[in-house]
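Structure assessment
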Amino acid sequence: MLNHIVLMGRLTRDPELRRTGTGTAVASFTLAVDHDYQSKDSGERGVDFIDIVAWRSTAEFVSKYFSKGRMAVVSGRLQIRSWTDKEGNKRRTAEVVADNVYFGDSKRDNASGGSYSEYGSSYAPAGNSFAAPAPAASEFSALEEDDSDLPF
């Protein structure tokens with residue numbers, strides 16, 4: 001069986017970071033994800049608001065570096081939860097449990113975003129390491145070798 005989902009959208013609010021009784025970090029937020037088609041009647045694109053839950057280091061990462069309006073790419077699995085509300089009605093909700101969260105835009109694209117550029121543009125929680133930052137333009141130098149004898 002396969003349960004894998006990848007979404008790209010903007011956060012509708014700042015992530016909410018909480019801790020379980022044992023101290024495990026959990027963050028929840030909502031992504032606004034545009035439909036890839038337009039309505040015939042209005043010519044507008046629809047939007048889905050999808051609840052996301054991130055755990056442990058991914059939760060801490062999201063709460064530290066993402067805020068309302070940021071573009072995020074979320075990779076994870078769909079989870080359906082059932083519960084009984086205060087009136088005794090059975091309820092169900094769908095949410096995505098995030099395995100990985102990546103930046104969907106750059107710091108230049110979103111001036112109101114947090115300062116994260118020193119960590120690169122993505123996060124891989126499995127290895128608990130950030131991507132290496134891109135070298136500055138001044139670190140490059142022109143090659144002075146003659147390549148005219150290459151066959152292509």
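What comes next is a walk through the structure. None of the values given here were measured: they were computed from a predicted structure. (Residues numbered from 1 in each chain as written. Predicted model: local features only at pLDDT ≥ 70, side-chain atom pairs only at ≥ 80, totals over all residues. Heavy atoms only, no water.)

1. Overview of the overall build of the protein
- The number of helices and strands found in the protein is one helix and eight strands.
- Counting all 152 residues of the protein, 31% fall into the buried class.
- For the protein, long-range pairs separated by at least 24 residues make up 55% of all intrachain contacts whose partners lie at least 6 apart in sequence. (Helix = DSSP H or I, 4+ residues; strand = E, 2+ residues; numbered from the N terminus. Buried < 20%, exposed > 50% of the residue type's maximum accessible area, 1.4 Å probe, protein only. Contact = heavy atoms within 4.5 Å.)

2. With respect to the side chain of Ser28
- Following the sequence through the fold, Ser28 ends up in strand 3 (residues 25–38).
- For Ser28, a relative accessible area of 13% corresponds to the buried category.
- At 3.1 Å, the side chain of Ser28 and the side chain of Arg18 are in polar contact.
- For Ser28, the contacting residues outside a window of four places in its chain are Arg13, Pro15, Glu16, Arg18 and Ile52. (Polar contact = N/O pair within 3.5 Å; in protein donor to acceptor, adjacent residues only side chain to side chain.)

3. Describing the nonpolar core
- Leu7, Phe29, Leu31, Ile52, Phe66, Val74 and Val101 are the most contacted members of the largest nonpolar core, which totals 21 residues.
- Counting only elements with at least two residues in this core, the list comes to strand 1 (5–11), strand 3, strand 4 (45–55), helix 1 (56–65), strand 5 (71–84) and strand 6 (90–103).
- If we skip the residues at most four places from it in the chain, Leu31 touches Leu7, Gly9, Arg10, Leu11, Thr12, Asp48, Phe49, Ile50, Ile52, Ala72 and Val74. (Core = buried A, V, L, I, M, F, W, Y, C linked by side-chain atoms within 4.5 Å.)

Worth remembering: the numbers are spatial, not functional.
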